[in-house]
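Now for the letters of each chain:
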Amino acid sequence: MDCTNERRKIYLDNAATTKMSEAAIKAMLPYMDGIYGNPSSLHSVGQEANEALTSARERIAKILGCEPREITFTSGGSEADNQAIISAARLGEKKGKKHIISTAFEHHAVLHTLNKLEKEGFEITLLDVHENGLITAEQVRNAIREDTCLVTMMYANNEIGTVQPIAEIGAVCREKGVLFHTDAVQAVGHLHINVKEQNIDMLSLSAHKFHGPKGVGVLCARKGILLTNLIEGGAQERGKRAGTENIPAIMGMTAALEEACAKIDENAVRLTVLRDKLIVGLSQIPHSVLNGDYGHRLPSNVSFCFEGIEGESLLLLLDDKGICASSGSACTSGSLDPSHVLLAIGRVHDIAHGSLRLSLSEENTEEEIDYTIKAVKEVVAYLRGISPIWRDLVNGKKEFITK
Ligand SMILES: *Cc1c(COP(=O)(O)O)cnc(C)c1O
C-alpha cells in the first residue's frame, strides 16, 4: 500500500467519533431547508416540524424497546449521563438515600458528575473492575445498601471495549428496588439492546458514535422516574429539557440509528474478522498485552499496551503513516496522566503509558488492517530502539512486567 499524503486516511478511531452515514446526512437536509419550523409553533410550518419530532421519538422508542414518552432528546451522551445521575440523586435524597454505586472506569461524564455529588454529601462506591475489564452482578449485589439510590454502570467501555453483563446487573437492581442507569454510548447501534428486557431504568446514547451527527443524543428514562431539569426555559421535552429541539440533528440521529441497528449482526461478523486479525497481528509484538477480556468485547475494539514506549509518540508516528488511532480516551490524550481506565484494570503506570486503541467501523478494509499491523510493528520497534527505558529492560537493569 502506498504511503503518501494523498492516500486516504485509515480511520481507526471510531470510538472517539464516526463519520456520518449518507442516510443520516440525507435525513437531515430537508429540515435545514424546507421544513425549518419550530415544533412549538401552532402554524402549519411548525406543525410539520413537530410531526417529524413525534415520528423520530416513536422510531427511536421502537428500537430501544420503550415508549415514545420515555425518550428525552439531549445535546449528546454527556448531557444524558449528567441528567440521569442528577435526577436519581435528587429522587434519592428526598428519601434520605445518598449512596451511589458505579465503577472506576466510567466515562468522565459519569465520574465528574459523581464527584460533584460527593462534594454535596453523597457517598460514592466505585466497584473494582477485574483485570479482564468486567464487573459481575454479584459485586453489584454485595455493594447495594439500604440507602443506595442509584447504580450507574457503562454498557461497553470506550477504551478497552469490554461489554458488561447489563441484563444481570439490571435484574439485581430491580430486585433490590434501586434505580439502574447505563451509559450505553458505545453500545447503542452496535449491540442488540432492549431496555425493558434488560431491566434498564435509564439509558444514555449519543448519535455521533453510530454514524449520526455530533451534539445530539437521548436519555431514555422509564416512565414514573421524575427527571431533574439541567436546563430551564420552555416546556420542550415534556418540560424536562428546555430549548428549541435540534430537528435536523434528531432526524439524522434517527436515520443513523435505524441503519446501524438493521446491520448489527452483519457488521459484527465483518468487524470481528478484522478485529481478530489485528489482535493476532499485534500479539506478535514482544512484550505486548491485550487490554480487556477477549470474549466479552465490542466487535470494533482493539486495545493494547506495549511495554517500553509512550503512547503519544506511537500515535504521532502512526499519524505520519496515515493511521488515525488513539491511546485511551480523547479527553485524556494531551495530558501526561495515564488513562484512568487502564489504571482501573490494574495496569501499572509504565505499561499504561504505552497504550494504543484501534476502533473499527464497517468501512475499514482488510487491506487497511494488514497495513496497520505492519505500521504498528515498525513504529513500536523504532520507538523501543530509541527508548532509554527499553534499553534498561533489555540490559536487565529493569524487570519486564509483560511477557
Ligand atoms: C463519547 C462518549 C460519551 C460522551 O458522549 P458525547 O455525545 O460526546 O457527549 C459518554 N460516554 C461514553 C462511553 C462515550 O464513549
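The structure this text deals with has already been given above.
Residues numbered from 1 in each chain as written. Predicted model: local features only at pLDDT ≥ 70, side-chain atom pairs only at ≥ 80, totals over all residues. Heavy atoms only, no water.

## A few points about the side chain of Ser300
Using the following cut-off: Secondary structure elements follow DSSP: runs of H or I no shorter than four residues count as helices, runs of E no shorter than two count as strands, and numbering proceeds from the N terminus. Here a residue-residue contact requires only that any non-hydrogen atoms of the pair lie within 4.5 Å.
Considering the arrangement of structural elements, one finds Ser300 in the loop between β9 (288-290) and β10 (301-306). When residues no more than four places from it in sequence are discounted, the contact partners of Ser300 are Leu271, Leu358, Ser359 and Leu360.

## Topic: the nonpolar core
Rules: We call a set of buried residues a nonpolar core when its members are Ala, Val, Leu, Ile, Met, Phe, Trp, Tyr or Cys and they connect through side-chain atoms within 4.5 Å of each other. Categorising residues by exposure relies on relative accessible area from a 1.4 Å probe, with only protein chains included: less than 20% of the type maximum marks a residue as buried, more than 50% marks it as exposed, and the intermediate range marks it as partly exposed.
Core analysis: the largest hydrophobic core is formed by 63 residues, its most contacted members being Val140, Val151 and Leu203. Per-element tally for this core: the top contributor is helix α7 (residues 247-262), with 8 residues. In contact with Leu203, not counting residues within four places along its chain, are Leu64, His181, Thr182, Ala184, Val188, Ile193, Val195, Val218, Leu219 and Cys220. By size, the runner-up hydrophobic cluster in this structure holds 28 residues, among which are Ile285, Phe306, Leu314 and Tyr371.

## As for the side chain of Glu237
Keep this limit in mind: Throughout this description, a polar contact denotes any pair of N or O atoms lying within 3.5 Å of each other; where both atoms belong to protein, one of them has to be capable of donating a hydrogen while the other can accept it, and for residues adjacent in sequence the pair is counted only when both atoms sit in side chains.
The topology assignment puts Glu237 in the loop between β8 (217-221) and α7. Glu237 gets classed as buried once you look at its relative accessible area, which sits at 6%. Among the polar contacts listed, one links the side chain of Glu237 to the side chain of Arg57, at a separation of 2.9 Å. In contact with Glu237, other than residues within four places in its own chain, are Arg57, Ile71, Thr72, Phe73 and Glu245.

## Some words on the site of the ligand
The condition that has to hold: Note on definitions. A residue lies near a molecule or strand when any single heavy atom of the residue is within 4 Å of it. The protein chains shown are the only cover counted for residues, whose accessible areas, like all others here, come from Shrake-Rupley with a 1.4 Å probe.
Neighbouring the ligand are 13 residues; Ser78, Asp183, Gln186, Ser206 and Lys209 lie closest to it. One of the backbone nitrogen or oxygen atoms of Gly77 is found 2.8 Å away from an oxygen atom of the ligand. A distance of 2.7 Å is found between an oxygen atom of the ligand and a side-chain nitrogen or oxygen belonging to Ser78. In the complex, the protein chains occlude 87% of the 380 Å² of accessible area that the ligand would expose alone. Among the elements that make up the shell around the ligand, the one with the highest residue count is helix α3 (residues 77-94) (3 residues).

## Overview of the sheet that holds β8
Strand pairing within a sheet occurs via backbone hydrogen bonds; the two strands may be parallel or antiparallel. The following threshold applies: Here a strand pair is declared whenever DSSP counts at least two bridges between the two strands. Structural elements are reduced to axes, namely lines fitted to C-alpha atoms, with helices fitted over the stretch in contact, and the angle between N-to-C directions of any two is expressed from 0 to 180 degrees.
Taken together, 7 strands build an open sheet; the order of strands is β2-β8-β7-β6-β5-β3-β4 and the sheet is mixed. Either end of the sheet is taken by a strand with one partner, and the two such strands are β2 (71-74) and β4 (123-127). Strand-to-strand twist of the sheet, defined as the mean angle between neighbouring strand axes without regard to direction, takes the value 20°. In terms of strand pairing, strand β3 (residues 99-103) meets strand β5 (residues 148-152) through 3 bridges, oriented parallel. Directly across from His99, in β5, lies its bridge partner Thr148. The sheet contacts of helix α2 (residues 44-64) involve β2, β7 (202-206) and β8, and relative to β2 the element is tilted by about 115°.

## Let's talk about the pattern of salt bridges
When charged atoms on two side chains of opposite charge get close, those side chains can pair. Applicable threshold: Salt bridges are defined as contacts in which a side-chain nitrogen from Lys or Arg sits within 4 Å of a carboxyl oxygen from Asp or Glu.
For the structure on display, the rule yields 24 salt bridges. For Arg90, the salt bridge identified is with Glu120, shortest N-O distance 3.0 Å. Taken together, the residues span a long stretch of sequence, with Arg90 in helix α3 and Glu120 in the loop between α4 (108-119) and β4 at a distance of 30 residues. Residue classification places Arg90 among the partly exposed positions, given a relative accessible area of 22%.

## Brief notes about the sheet that holds strand β12 (residues 355-359)
The 3 strands lie next to each other as β9-β10-β12, forming an open sheet whose pairing is antiparallel. In the strand order of this sheet, the two ends are held by β9 and β12, each with one partner. Each strand axis lies, on average, 25° off the axis of its neighbour in the sheet, ignoring direction. As judged from the 3 bridges shared by β9 and β10, these two strands associate in the antiparallel manner. Bridge pairing in β10 links Leu290 to Phe304. With respect to the sheet, helix α8 (residues 264-283) is in contact with β9, β10 and β12, its orientation differing from that of β10 by roughly 10°. The strands touched by helix α9 (residues 311-320) within the sheet are β10 and β12, with β12 carrying the most contacts at an inclination of about 45°.

## So, the packing of aromatic side chains
We count it as follows: Only centres within 6.5 Å qualify two rings of Phe, Tyr or Trp (six-membered ring in Trp) as a pair; their planes then separate them into stacked at under 30 degrees, edge-to-face at over 60, and tilted for everything else. In our convention, an over-ring charge means Lys NZ or Arg CZ found within 6 Å of a ring centre and within 35 degrees of that ring's normal.
Summed over the entire model, instances satisfying the criterion amount to 2 aromatic pairs. On the basis of an interplanar angle of 5° and a centroid distance of 5.8 Å, the ring pair of Phe304 and Phe306 is categorised as stacked. For the pair shown, Phe304 and Phe306 are each scored as buried. Lys98 extends its terminal NZ or CZ atom over the ring of Phe122, reaching a point 5.1 Å from the ring centre.

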